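Summary of the model geometry
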Amino acid sequence: MNNAIPPLPERTDLCAKPIEAVVDYLVQHDASLRQQIDHTNQRINSVLEDNERLRRLLLQATGRMFGPRRDAVAPDASNPQPMLGFDLTGCDTDPAFVAGLQERMADAVNDSKATQPSEDQSKAAAKRAWVRRNLPLHLKREIQRYWPEGLTFNGAEAVCGSCNATARPIGEDRCAQLEYIPAQFKVIVHARPKFVCTCCNKVLQAKAPLRPVAQGSIGPALAAHVLTSKFERHMPLNRQSKHYSSLGVDVSTSLLSNWTLKLGLSLAPLLTHIRAHVFAGPKIHADDTRLRVLRNRTDEDTRRMHISNGACTDYLWVYARHDGNAGHPQTRAVWFEYSQGRGSQYPTEHLKDYRGYVQCDAYGGFNETFRSGQRRPVYCWAHFRRKLTDLVKADTAAGIKRLAGSSIAGEALERIRKLYAIEKRIRGLMPDERKRVRCEESIPLLRQFGKWVRKQVDVLARRSALAEIFMYLLKRWRGFIRYARDGWLEMDNNHVENAIRPVAVGRHGWLFAGSERGAHAAAAIYSLIATAKAHGHNVEPYLRVVFERLPGMAEQDIPSLLPWKLTPDAVAGTTTQAQAIPTAA
């Protein structure tokens, strides 16, 4: 479009033309000016929208990096409106909606004030809530008595030091103190005496006991401690080496790394059963997370720029089975798998034999797995809710109080909160009962929510952040509402995100895997630890039992070591018996 203003003709030219021609020319000139002004205003508005969008993205990124990792929206102290914390006056939205929402907010505030306890009641409740917890009864007790000064004993009789009369006991005061005994190392020498028959010269000797690491000097308890310290307590191997040196045992970091690699790879027989158990369920939860690995670079790594300080950015894919909310807690299991990238070929390969529902986020790498129709996506409401909370938090951080988008986002969060309230109420029920409640309560709310979102999209600016969030939902609407028609499905993907969290926390300490084999070993260890924790096991005693029994175990007996086969009480009893075995001379 050519928006240049045509130049005005000379005065002599205007005078030479009829007045009608001059008027027509001035009208055309005025229209051209108005057109240019409108075009300039459009460009200004577009730049302002881009600036607002980029500013909000910057605030959201800053919040994710430095802010609290939670989805709750902090209320505004200067504005007591519940949950939203925004002044809705002047918002560019439906006046009836604003009035109704403000009325509900005022009622909620009045109700909260009416039910708020007095200061004396609050102090009394706080005093009752503080109770000193008794120390665990299973700990060994050591009693130290402190006798009064001047008190002497004549045999079993106590004598007062002031008047030499008999002192009669009337009781004692006791206070318990928790003490710590530093860890200790010991060396177990496996002695195998040899005998020779005097008749046939046959040599008689017991077989050598199998070890967690072939020809290695690490015992089952130490193996469990090393893996638990790194993969559950997030202590890197170099810190473990320094800690062991302070206890008088020098174990190099390279030796610890070699032990960890071999221990992780030795768990392959258990991992086969865990993987089969995960993919046998009616649904699975899927997600991925980054893992830096020291390995040979490929052309693909260079193209994707997935190289940082010599380490390539690879990925751990996580698949979890969690039917506890549907009344089947014994089915919980987690399986980690390492890959060099995040392309669609990896989940397609992992899920090629699976038939059922896949609960995941809207990452495009999963789309290829759904094309055949043998797997159906169930999208995560927590991801959608997080987008809304990030938007509200960014507006709050910028001090925006009269933004219509913020009030609409707050209304969306309130509607999602009602859906989650239903899920909380039916948690733990059987699938048929969960489906019945969802059909009666959740589906009507979802229909209302879908109509409301479409209405908001029609009135919002197309390039606004809130419109993009709502379009993210509408484009995947069928996948978002699929959970409501099946009692086995969940509303979000939080189960697998909780399984990923130890990896995200741990990589800040140990930074990277030393090789591809090390990455595969880490995936195996994370799988077993996450599954054991899902079944209530104390990880270190459980791993000790595994490394005591797994070497040399027959293939048909290996399933007896799976976390859902061993109970925590049985593991604790086995560990206690192992500690009670006396040391042979």
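What comes next concerns the included structure. Keep in mind it's a predicted model, so treat the numbers as computed, not measured.

**Let's talk about the overall build of the chain**
The helix and strand inventory of the chain stands at 19 helices and 10 strands. Burial statistics for the chain: of 585 residues in total, 37% are counted as buried. Long-range contacts, defined here as pairs at least 24 residues apart, represent 68% of the contacts in the chain between residues at least 6 apart. When the accessible area of the chain is evaluated, it comes to approximately 36,000 Å², of which 54% is carbon and sulfur surface.

**Digging into a positive patch on the surface**
On the surface, a cluster of positive charge is made up of Lys435, Arg447, Lys451 and Arg485. Looking at where lysine 435 falls in the secondary structure, it is placed in helix α13 (residues 431-459). Looking at lysine 435, the relative accessible area reads 39%, which means it is partly exposed.

**Some details on the pairing of strand β10 (residues 375-379)**
In terms of residue burial, β10 counts as a mostly covered element, since 4 of its 5 residues are buried. Relative to β10, strand β9 (residues 356-360) runs parallel, the two being bridged by 5 bridges. Pairing of tyrosine 357 across the sheet is with arginine 376, part of β10.

**Let's talk about helix α17 (residues 516-534)**
Taking 1.5 Å of rise per residue, 19 residues should cover 27 Å, and α17 covers 27 Å from first to last C-alpha, within 8% of that figure. Along α17, 14 of the 19 residues are buried, which leaves the element largely enclosed by surrounding structure. Among the residues trailing α17, glycine 536 stands out with phi positive, at a value near 80°.

**Concerning the packing of α13 against helix α14 (residues 465-475)**
For the pair α13 and α14, the least separation of the axes is 10 Å and the interaxial angle reads 135°. One way to sum up the angle between α13 and α14 is to call them oblique. Our pair here, α13 against α14, has a crossing hand that is left-handed. Contacts between α13 and α14 involve Phe449, Trp452, Val453, Arg454, Gln456 and Val457 on the former and, on the latter, Phe470, Met471, Leu473 and Leu474. Considered class by class, the residues forming the contact of α13 with α14 number 8 nonpolar, 1 polar and 1 charged.

**Description of the state of the cysteines**
Evaluated as defined, the whole model comprises 0 disulfides. Looking at the unpaired cysteine 200, the closest cysteine sulfur is the one in cysteine 197, lying at 3.5 Å.

**Some details on the pairing of β9**
Counting buried positions over the 5 residues of β9 gives 5, a clear majority of the element. Pairing geometry for strand β5 (residues 283-293) and β9, over 3 bridges, is parallel. Pairing of isoleucine 284 across the sheet is with valine 358, part of β9.

**Examining the pattern of salt bridges**
According to the stated counting rule, one finds 18 salt bridges in the structure shown. With its nearest N and O atoms 2.8 Å apart, the salt bridge here joins arginine 174 to glutamate 172. Overall, arginine 174 belongs to the exposed group, its relative accessible area being 59%. Residue class for glutamate 172 comes out partly exposed when judged on its relative accessible area of 45%. Linking glutamate 490 and arginine 434 is a salt bridge whose minimum nitrogen-to-oxygen distance equals 3.3 Å. Of this pair, glutamate 490 sits in the loop between α15 (477-481) and α16 (494-510) while arginine 434 is found in helix α13, placing the two residues 56 residues apart along the sequence. For glutamate 490, a relative accessible area of 6% puts it in the buried group. Arginine 434 gets classed as buried once you look at its relative accessible area, which sits at 1%. Residues joined in a network through salt bridges with shared partners are Arg145, Glu172 and Arg174.

**Digging into the side chain of aspartate 492**
Considering the arrangement of structural elements, one finds aspartate 492 in the loop between α15 and α16. No salt bridge is formed by the buried aspartate 492; its nearest oppositely charged neighbour, arginine 385, is found at 5.3 Å. Within polar-contact distance, the side chain of aspartate 492 engages the side chain of tyrosine 420 at 2.9 Å. If we skip the residues at most four places from it in the chain, aspartate 492 touches His285, Gln359, Cys380, Trp381, Ala382 and Tyr420.

**Re the environment of asparagine 367**
Tracing the chain through its elements places asparagine 367 in the loop between β9 and β10. With relative accessibility at 36%, the residue asparagine 367 sits in the partly exposed group. Here the alpha-carbon distance between asparagine 367 and proline 347, two residues 20 residues apart in the chain, equals 9.5 Å.

**What to know about the packing of α17 against helix α18 (residues 539-549)**
The interhelical angle for the contact between α17 and α18, taken along N-to-C directions, is 120°, at an axis separation of 10 Å. In terms of orientation, α17 lies oblique with respect to α18. Considering the relative orientation of α17 and α18, their crossing is right-handed. Each of Leu528, Ile529, Ala532 and Lys533 in α17 lies in contact with α18, whose residues at this interface are Val539, Tyr542 and Leu543. A class-by-class count of the residues in the contact of α17 with α18 yields 6 nonpolar, no polar and 1 charged.

**Points about unusual backbone geometry**
Positive phi, close to 60°, is recorded for asparagine 164, a residue that is not glycine. Within the secondary structure layout, asparagine 164 lies in the loop between β2 (157-159) and β3 (195-196). The exposure class of asparagine 164 is exposed, given its relative accessible area of 64%. The backbone of asparagine 201 sits at a positive phi, close to 60°, despite the residue not being glycine.

How each quantity is defined
Residues numbered from 1 in each chain as written. Predicted model: local features only at pLDDT ≥ 70, side-chain atom pairs only at ≥ 80, totals over all residues. Heavy atoms only, no water. Helix = DSSP H or I, 4+ residues; strand = E, 2+ residues; numbered from the N terminus. Buried < 20%, exposed > 50% of the residue type's maximum accessible area, 1.4 Å probe, protein only. Contact = heavy atoms within 4.5 Å. Areas by Shrake-Rupley, 256 points an atom, 1.4 Å probe, with all protein chains shown as cover. Patch = residues over 30% accessible without salt bridge, like charges linked within 9 Å, V, L, I, M, F, W, Y side chains within 5 Å. Salt bridge = Lys/Arg side-chain N within 4 Å of Asp/Glu carboxyl O. Lys, Arg positive; Asp, Glu negative; His and termini not counted. Charge placed at Lys NZ, Arg CZ, Asp CG, Glu CD. Pairing = 2+ DSSP bridges. Expected span 1.5 Å × (residues − 1). Axes fitted to C-alpha atoms, helices over the stretch in contact; angles between N-to-C directions. Parallel < 35°, antiparallel > 145°, perpendicular 65-115°, else oblique. Left-handed = near helix turned anticlockwise from the far one by under 90°. Nonpolar A, V, L, I, M, F, W, Y, C, P; charged D, E, K, R; others polar. Disulfide = S-S within 2.5 Å. Polar contact = N/O pair within 3.5 Å; in protein donor to acceptor, adjacent residues only side chain to side chain.

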